[in-house]
Each structure stands twice: as C-alpha cells, then as structure tokens.
Amino acid sequence: MSDDNPKEYTELYKKFKRVSIAEFFEKNRHLLGFDSLRKALLISVKELVDNSLDACEEARVLPDIYVEIIRMSKDVFKVVVEDNGPGIPYEKVPEIYGSFLFGTKFHRYVCTRGKQGIGASAITLYSQLTTRRPIEVITKTPDSDKAIKHKIKINVKDNTPLVEERKYISWNKKSGTSVTVYIKSQYVKGRQSVDEYIELTALANPHARITYINPDGEMFEYKRISNIVPELKEIRPHPHGIEIGSFERMLKDTKYSNIKRFLMKEFYGIGNKTALEILRKAGLSEDTDPRKLSFDEIEKLYEVLQEAKVKAIPSKYITTMGKDNIIRSLTYLYDPDFVTAYVRRPAVYKGNSFIVEVGVAYGGRIDEFKIIRYANRVPLLYKSGECAITNAIEGINLKNYGLTLEEGKVKDPLIIMVHIASVWIPFTSESKEAIAPYPEIIREIELGVKKVLRELEIFLNKKKSLESIGEKYKTLYGYGMELSKYLGDLLEISESSVREKVIKRIREELTTDIEEIIKGIREVRRLIREGKIDSAKAFIRKLLKDVIETKVMSKEELDALIENVIKKFEEKKLLEIEK
Amino acid sequence: MDAEKIEIKKKIEEFARKIYEEFEKGNPSFKFIIRGNLKYVEYDPTKDLIKLKKSYGYREFFNLGHTRKFTQTILIAALAKKLISENRTASLREVFYQLRHTIPIINEDTFYEQKESDSVIEDLERTLNIIREKIHIKADRRGYVYGNITMRDRSRGDEWNCSKLGMGGWGVPSTIEEIEILDINADFVLVVEKDALFERLIEERFPEKHKAILISAKGQASRGVRRLIHRLRYEHNLPVYVFTDGDPWGYYIYSVIKRGSMKLSHFSELLATPDVKFVGMTMDDVDEYDLKRVTIKLTARDEKRIKELMEYPWFKKNRNWQRQFNKMLNKKIKIEQDALAAKSLEFVAEKYLPEKLSNPDRLLS
C-alpha cells in the first residue's frame, strides 16, 4: 500500500532518482500499468480520455469526446483522442507531453480523474519505446485564431522534451485538444477492454458526449443525458494524502521562503501550533527556506508530516455522481426493468472524508451479473479480487435479497455499481486499480449496497407475484365461490346473489392487477408505446389464462377489461415519461 | 331460545354482514385477537393472572396468504350458526367431518385434518370473543369429579350426585355452562393430576372422610375442569388444592389452573382460579418423607423446561417457587405423586394429604 507507506514511497523515489528515466520506465512498466500489451492500449486511452474530461470539467465545458482506435498492423494501433476542452497554453505543450514527471502532474487537491493517471508523457515514452514514433498533439485555445500542432518525443537522458515538429495550422474548432499516438498493443473485447472502459466512463459521466470507434470499425455513441458539469471544489492538499514526489515539487515551486508559512499556506489543516510541532520533530527551524532543503531533510519532513494530527477534509470537497445521475445513466445504458441508487452520508477514513454511492440495475439489456467499480468517477477494471468493493459485496448474502445463486455465482441479470469518492482514496497499489479493503470503507459499501438490494428485493417479489398472477385468480375464484354458499347461509340470502358480488369484486381486483402488469413489465409497456396494442393484450391475456380457464370471465370480457386499462394509461399519458 | 343464544347468533350474523358488505365495496377482512404466546401475554400481578396483551391480527380475502383461512373461518361460522339454531352441539371431530369436502376449481379440501379445523375454531373464538362452547362446539370430556355435589343439566333436566356414580365419578364435559350446581356438602376441593391417584383416594374413602370434592385433571386441565374449579371456588366459596407430580410439567398444570394458559389468555378471567394452593409433590417432600430412593433423574428436556418456567414472570417473582426449581436442578431429580405408594398404598390418603392439608398456610401458592 504505497500511499499509506511513506517508506516504500521514498524507496521508489530514491530508485527513480538514480536510474535514467527510460531505464526506470522499461524496468518498471507494471508500476504504471503497462504490464501487458492489452493493458497498454487501455491505459493509453484511459489516460487521454481522463485528461480530456478533467480539462473540460475545470473549464466548465460540456465535454464532446471522440475516441478512435485504428489497427495499423497486427500489434500496432493508432489511438486518437479529441476533445472540445479549453486547449493547452501553447508553450506548455512540450513540457506536458515531453517530460516525465514523477507523482501527480498537478499538485492540487481535488476529485479529478488525473490524480489516478500516469501522466500523458508516459504514453509518449511508451510510444517511442515500442514504435519509435512521436506523440502528435493539436491544441487550440479559445482566444487563438490558429491551432498548434506538435510532434514530441522525450529525451530520455535528461528528461526534456524533444520537439520534432511544431507548426500553426487552421482547425475548425473553437477550442480543444487532439492527441494521436502509435503504440504497440493488443485489442480485445469483453471484460477489461477499451470498449468496456468507454461504456463505464459514459456511465459515470452523463454530462459527456462520447463517440468511440473501435479497431473493428464499430461505432458507439453515448449521448449527453445531463447538462450539468460536475463541480470540482479545490482544496489545499491534506498532508496525509500527498506523495513524496509531489511534496518535493511543492517545496521547489513555492513562493514562500519560510518553511512554517509554507506548511500553513500550502496544506489543509495545519495551523501555527501544528506547524511548529512538525518542524520541531523534523529538526528544522521555522525560517528555513523550503526551496533549499536537502534530500534527507525532505524525507524526514515528509515522514513527520504523515504522523501529524490534522483534521479531516470536509465532505463538501468531494465530487459525487449523485443519485439522479446514476439512475439516469443506468437507465440510458441498459434500459433496465428496475433501477435505483443511493448516496451514503460522508464517512471518514484516516482523516479523509469519503462518500459511497451505489446503484443497481436489473434486467433490460443486462444479461449477467456484474459489479462495476469506480474511484472518483474512474472505472476500475483490474484487480477486482483485492478491492474493497468486491470484498464488501461478497460479504453480503445475496440470497437473502431474492437473488438466485448457483455454486456461489449470481444468476440474475444484475449490475451493482459502487462509486467511492474522496480527495484521497487509498489504493492497494501504485497502479490504482483497486481500493484498499479497510473495515471503515467495507462497512460503508456494505450498508449502501444492502440498502439498494432491499429495494431490488421488493421489485423482485412483485415481479414474481405478477408472473404467477393467473394462479392468484384461480385461488381467489375457487375460495370465493366456496365461501359464497356459506356467507349466503349466514345471512339467509341466496348463494347466487353473494356469488355475483364476490365475482364483481374479484374483477375489480383484476383491473388493479392489470395496471400493475403494465407498470411492472417493461415488455408490455414497450408494446403499448409502439402502438402494438393487440400484442400487448395477448401478452397480458397469456399471463391471465387461468382467469379464462376458471371462468372468472370469458375471453371477450377479459379482453374488454384489458383494453379499458390500456386506454386509461394512454389517456393519462402514464407511459410518456419513459420516452 | 334464551337471550344469550340470540345475542351470540346476532354476533355471528354481524360478522358475516360486515364481510358481505366489504365484498360490495372495500377489502373483505376481519379482525381477531392474536393467539396468546409468551410474546403476547402479560402477567397481571395484582390479579395473579396471565392476560393477553391485546394485539390484533387481520385476515383479508385478497391477501393470498390469508384466503384459505379466511374462507375456512366463514365455513365454521356458518356451521356454528346452524348448531345454535338447531340447538345441537358438535364435537371438534364432528365439525371437521361436517365441513370437510373438496372445493371445485382449485381442487383442494376445505380441511385436510382435524388440527386445521380446530385451529380455525380457535380463530373464530378470538374473532367473536366467544368461547367455542358457546357456539355449540365442544371438545371431548376430560377429567372427572367425585364427591357429595348435586348437579343438574339445565337443558335436559337430569339431576345427579357425583358420589353416587360409581368409583369413576362424573366425566367433565368441555362446557359446563348448562350445568347447575344444586347442592354441595364439602369443605374443600382437591384436584389431582392423575387418574390412578384419583381412584386410590376414592378407594381409601378420602372424599367421604375429609368432606372433599375430588377432581382428576388427567394431565393438563381441560377448559371444562378449569371452569368447574373456578365456579366451585368463586360461586361456592370452597378452598381449592392442587396435587401434581413434582416435575416441571406438574408445576405447569398447577400454574394453568391458577393463572390461566397463554393460549386461552383472552378468557383467563373465566377460567383461572388465582387463589388455589399447591399441595405437592414438592422437593421438600422428598426429604421430609424420605423418598429419595424413589425419585427419577431429570432428563435434558425436563431441565430445559424448568429453566423456561423459572423465567415466567409469575414464577420468577416467587422466591418459594424459585427455591423448588433450583432444588430440582441442583439435585437433578423429579418425583411422581404415585411414588408415595412406596410407603404403602394408603399412605397418601392416611398420612401425606391429611398432614399437608392440616396446615394450609405452609402450602406453596
């Protein structure tokens, strides 16, 4: 758990300092996620798309993102990611794509996706290592007439950008960025594929429009279903969440020449007293210049900082998806028979507030059981076995919620999605693919998932009873006829007049149930929406065939009844909302 | 037909009327008092009775879990009305056979076994708040009474004295509402758990020698026996003593006579006799009469039951009873009332009971 262990971090950092950047990268590809050809493609797309989404979000722009992967040869792919974001200041382009920085790119504390990324320069490096081709970046800021195009490599000896081409071009876009790379990789479908990543990204970002063309030429279009750009509230970093590489850069870049002021101004939750205490323990005087610390001093200060008592970051800085968005997204993507979502209240883990959001969707286009995991709105595709989300769900007895299990596997067409949002999420490793299963986090997930499962259970029970609705009327009719005779005896009235009343009342009940069928069975609603009233009638009649068999009513009477209910629905436009 | 019967018939008709009207409009349902169990009863320490914490349940025709029982209850109600009108009484088993048939369409029997109809009869009792005997449904006779007491069956006009019916005495029916007590010549009532002891005491002429009314409960006392005890105590002011085995089952027989049962807790005030006293067998008897060698070892089931009884509020608050239970648990023994025969056959009549009854203040209560 590197985020948790300053020592391990420091070791990594030292190692990183000693070797050349390319050498380090080649030997430690797995640390950055490039451990297989399949994963290399995913990681590259993910890095670029996440950056695009972050850029748009920060500029308060509704993202339009275009992703295309083209197979150039058996194992070389061209990846293009284009956005309508604010563009990159032209002079910054070489630095961003052509120099390799350790740790987070932006030492800012905010629920951005980029914090989980590896930095775009890692893709540049991977590209030049595997295909010897530069990264191509076109970017345009809103106030420029022309866009600028760069072809960049990294000078691996001194970690500086190597600009192979730089020219102004015209681009019929107000602003935006388009990145193209050629990388050696492998394209697969199904689980852990780019296709899946894009789908899940669309799910978590209902405010984005995403167009994706995969190497097989299939095009996926994910529409924008929300016009609200999620708000990111920036906060100074919490000292417990910072990585040592970022910490060093903060020290180097700070405008403060006094270490005490640096601690108090640049970090969240450090006051005068805490600052003095930290400096005393680190053996530094309070007017030391932070920009001139030695490596050992930095290391010591970092360790002390991790132990310091600092209050938790308030939950208002956490960016959640929100219940409505989760429901809307799940509905848009899977058209489920049942969907619900739930947002837990903020909880605290090691001084960091976090919020768990859960959604479930059942049926519709879903054909198997799947757990979808998110950390700060980024889908987690790997290492599900060691993730808090998977562990928490595995700890729940799903059978208790009306689900069918065979050999421990859920057989229902069900998606459970869990999102953990926090300005600092504890991952199990530097590749940030699984959330560490700490008891506080597990507990929150469990409570959230159980809550939505309880709602699902009610739906499943209702569904079950609708499926056996014919049986219900057989029972009611059978017992109803039986009791008519005795009720007649009791009241000294004729059996037939009681029967008449009982049947009439059973028919009323049937009307209510037909309404329930329409409300509860998607297929029926679809048929009605599409104007296929006869098919809808046949569908309902089939469910209720016992009603005719037991002579509660004739086929004609039942048809008339069904027709009336459907008419009522159409008049009230009860089905409109779904369109 | 007397006023009470007319009243009961009216009650049944009202029950039916309400359901009929709800079929017209609304949700056909009826309300009943939930059957007593440890959760739903409470102990009233001032009256020394178990009473039902009134909680109500509902049966609804349109609730598929209720439909069958709902219908069955109406069947029983219809039969009850018929019995009252015809002035006939049916046994529980007869009720079952009268109503048992197959329902067409669903191809299910109205009742598959007597247990099912018995429980619906109890439901109806708790719906109408009338004991089943008043709707002319009775259980088998259980328990006997012997002694100088003259009774009359109001509806038949027969008269008899319970000491002149032979050694078996008079079998107590499940309802004694029609029985008048014309004359009693006795000082107290002794209820014994077992028939064998009942006969032993008659053979020894105990009722005559001690002016006692002797009742055999034959295990757990039936409703009729409990009602008879209640009437002898409160209508004729006789002290009542209970004599059972010295085990948790015997002690619970005593408890039911005294405080009512949980199942019939809604009728406790009619059936229970709070000031009865307990003669034996006590754990102290084992020492006092030197009966250790004729005790029986407790089974695991006995021990479990003792621990349950100790937690019942009416036993829990009573130090003397707690002492008996603890003694039983510590020594891991129980003792039958028949064990007194180890001394001699007449010992119980000649020595044990006279000694015990001569000092009623020392008895457990």
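About the thresholds
- Residues numbered from 1 in each chain as written.
- Chains lettered and ligands numbered in written order.
- Predicted model: local features only at pLDDT ≥ 70, side-chain atom pairs only at ≥ 80, totals over all residues.
- Heavy atoms only, no water.
- Helix = DSSP H or I, 4+ residues; strand = E, 2+ residues; numbered from the N terminus.
- Buried < 20%, exposed > 50% of the residue type's maximum accessible area, 1.4 Å probe, protein only.
- Contact = heavy atoms within 4.5 Å.
- Buried area = accessible area lost by both parts, 1.4 Å probe.
- Salt bridge = Lys/Arg side-chain N within 4 Å of Asp/Glu carboxyl O.
- Polar contact = N/O pair within 3.5 Å; in protein donor to acceptor, adjacent residues only side chain to side chain.
- Nonpolar A, V, L, I, M, F, W, Y, C, P; charged D, E, K, R; others polar.
- UniProt positions renumbered as here; feature names shortened; annotations may be inferred.
- Phe/Tyr/Trp six-rings, centres within 6.5 Å; stacked < 30°, edge-to-face > 60°.
- Lys NZ or Arg CZ within 6 Å of the ring centre and 35° of its normal.
- Pairing = 2+ DSSP bridges.
- Axes fitted to C-alpha atoms, helices over the stretch in contact; angles between N-to-C directions.
- pLDDT = per-residue confidence, 0-100.
- Patch = residues over 30% accessible without salt bridge, like charges linked within 9 Å, V, L, I, M, F, W, Y side chains within 5 Å.
- Areas by Shrake-Rupley, 256 points an atom, 1.4 Å probe, with all protein chains shown as cover.
- Lys, Arg positive; Asp, Glu negative; His and termini not counted.
- Charge placed at Lys NZ, Arg CZ, Asp CG, Glu CD.
- Arc of directions from axis to C-beta.

What to know about the overall build of chain B
Item 1. Within chain B, the secondary structure is distributed over 14 helices and 19 strands.
Item 2. The 365 residues of chain B split such that 58% are buried.
Item 3. Expressed as a percentage of contacts within chain B between residues at least 6 apart in sequence, the contacts between residues at least 24 apart total 72%.

Here we look at the interface of chain B and chain A
Item 1. With 32 residues of chain B at the interface, the matching set in chain A holds 26 residues.
Item 2. For the pair chain B and chain A, the summed buried area comes to about 2,700 Å², and 74% of that belongs to carbon and sulfur atoms.
Item 3. Sorting the residues of chain B by area buried against chain A places Tyr20, Phe62 and Ile105 of chain B first, and these three jointly supply 26% of that buried surface.
Item 4. Summed over the shared surface of chain B and chain A, the result is two salt bridges.
Item 5. Residues glutamate 492 of chain A and lysine 81 of chain B are paired through a salt bridge, measuring 2.6 Å at the closest nitrogen-oxygen approach.
Item 6. Here chain B is connected to chain A by seven residue pairs in polar contact (both at pLDDT 80 or more).
Item 7. Of the residues assigned to the side of chain B that touches chain A, the class counts are 19 nonpolar, six polar and seven charged.

Comments concerning the UniProt feature "binding site: Mg(2+)" (unreviewed entry) in chain B
Residues and elements named next belong to chain B.
Item 1. On the UniProt side, "binding site: Mg(2+)" (unreviewed entry) is annotated at positions that read Glu193 and Asp245 here. Considering the C-alpha atoms alone, the annotated residues occupy 53 residues of sequence yet fold into one spot, their largest mutual distance being 7.2 Å.
Item 2. As for its position among the elements, glutamate 193 is in the loop between β14 (188-192) and α5 (195-203).
Item 3. We classify glutamate 193 as buried; its relative accessible area is 9%.
Item 4. Residues in contact with glutamate 193, not counting those within four places in the same chain, are Ala217, Lys218, Gly219, Phe243, Thr244, Asp245, Gly250, Ile253 and Gln337.
Item 5. Among the structural elements, aspartate 245 can be located in the loop between β16 (240-243) and α8 (248-259).
Item 6. Non-local contacts of aspartate 245, meaning those with residues more than four positions away in its chain, are made with Glu193, Lys194, Gly250, Tyr251, Met281, Ile335, Glu336, Gln337 and Asp338.

Details of the packing of aromatic side chains
The geometry of an aromatic ring pair is captured by the separation of the ring centres together with the interplanar angle, meaning the angle of the planes.
Item 1. For the structure shown, the criterion picks out 34 aromatic pairs over all chains.
Item 2. With 5.1 Å between their ring centres and 80 degrees between their planes, phenylalanine 61 of chain B and phenylalanine 62 of chain B make a pair best called edge-to-face.
Item 3. By relative accessible area, which is 10% here, phenylalanine 62 of chain B ends up buried.
Item 4. Every member of this aromatic cluster is reached through a ring pair, and the members are Phe15, Phe23, Phe30, Phe61, Phe62 and Phe70 of chain B.
Item 5. Directly above the aromatic system of tyrosine 382 of chain A lies the positively charged group of lysine 39 of chain A, at a separation of 4.3 Å from the ring centroid.
Item 6. Here arginine 259 of chain B stacks its cationic end above the ring of phenylalanine 315 of chain B, 5.8 Å away from the centre of that ring.

Quick notes on the side chain of threonine 201 of chain A
Residue and element names in this part refer to chain A.
Item 1. By the secondary structure assignment, threonine 201 is in helix α6 (residues 194-204).
Item 2. Within the structure, threonine 201 has its side chain in polar contact with the backbone oxygen of tyrosine 197 (distance 2.7 Å).
Item 3. The contacts of threonine 201, once residues within four sequence positions are left out, are Val49, Leu53, Ile210 and Pro379.

Quick look at the sheet that holds strand β4 (residues 147-155) of chain A
Residue and element names in this part refer to chain A.
Item 1. Strand order in the open sheet formed by eight strands is β5-β4-β3-β6-β2-β1-β7-β8, and the pairing between neighbours is mixed. With partners counted over all chains shown, the strands left at the sheet margins are β5 (160-169) and β8 (219-222), one partner each. Direction aside, neighbouring strands of the sheet carry axes that sit 15 degrees apart on average.
Item 2. Pairing of strand β7 (residues 209-213) with β8 involves four bridges; the strand directions are antiparallel. Looking at the pairing, isoleucine 210 lines up with tyrosine 222 of β8.
Item 3. α6 contacts β1 (64-73), β7 and β8 of the sheet and is inclined by roughly 170 degrees relative to β7.

Details of the environment of alanine 59 of chain A
Item 1. Mapping alanine 59 of chain A onto the fold places it in the loop between α3 (37-58) and β1.
Item 2. Spatially, the C-alpha atoms of alanine 59 of chain A and proline 86 of chain A are 6.3 Å apart, while their sequence positions differ by 27 residues.

A look at the confidence of the model for chain A
Residue and element names in this part refer to chain A.
Item 1. With 90% of its residues at a pLDDT of 70 or more, chain A shows a mean pLDDT of 86.
Item 2. By mean pLDDT, the top-scoring element of chain A is strand β2 (residues 76-83) (97), and the lowest-scoring one is helix α1 (residues 6-18) (49).
Item 3. Taken together, the stretch residues 1-6 has pLDDT below 50 and engages in 22 contacts with residues farther than four places along the chain or on a different chain.
Item 4. Low pLDDT, under 50, characterises residues 102-109; the stretch is placed with 35 contacts to residues that sit more than four places away or in other chains.

Things to note about a positive patch on the surface
Residues and elements named next belong to chain A.
Item 1. A cluster of like positive charges, contributed by Arg236, Lys255, Arg261 and Lys265, occupies part of the molecular surface.
Item 2. Looking at the secondary structure, you find arginine 261 in helix α8 (residues 259-266).
Item 3. For arginine 261, a relative accessible area of 43% gives the class partly exposed.

So, the environment of phenylalanine 459 of chain A
All names here are of chain A.
Item 1. Mapped onto the fold, phenylalanine 459 is located in helix α13 (residues 439-467).
Item 2. Overall, the relative accessible area of 12% leaves phenylalanine 459 in the buried class.
Item 3. With 121 residues separating them in the primary sequence, phenylalanine 459 and phenylalanine 338 have C-alpha atoms 7.2 Å apart.
Item 4. If near-sequence neighbours (up to four positions away) are discounted, phenylalanine 459 is found in contact with Asp337, Phe338 and Tyr362.

Observations concerning helix α14 (residues 347-357) of chain B
Item 1. Listing the buried residues of α14 of chain B in full gives Phe347, Val348, Ala349, Tyr352, Leu353, Lys356 and Leu357 of chain B. Each buried residue of α14 of chain B sits inside an arc of 150 degrees when the element is viewed along its axis, so together they form one side.

Concerning the pattern of salt bridges
All names here are of chain A.
Item 1. Counted under the stated rule, the structure contains 77 salt bridges over all chains.
Item 2. Two residues, aspartate 195 and lysine 189, come together in a salt bridge whose shortest N-O distance is 3.7 Å.
Item 3. Take aspartate 195: its relative accessible area is 13%, and that puts it in the buried class.
Item 4. Among the charged side chains, a salt-bridge network with shared partners connects Arg71, Lys189, Asp195, Asp216 and Glu218.

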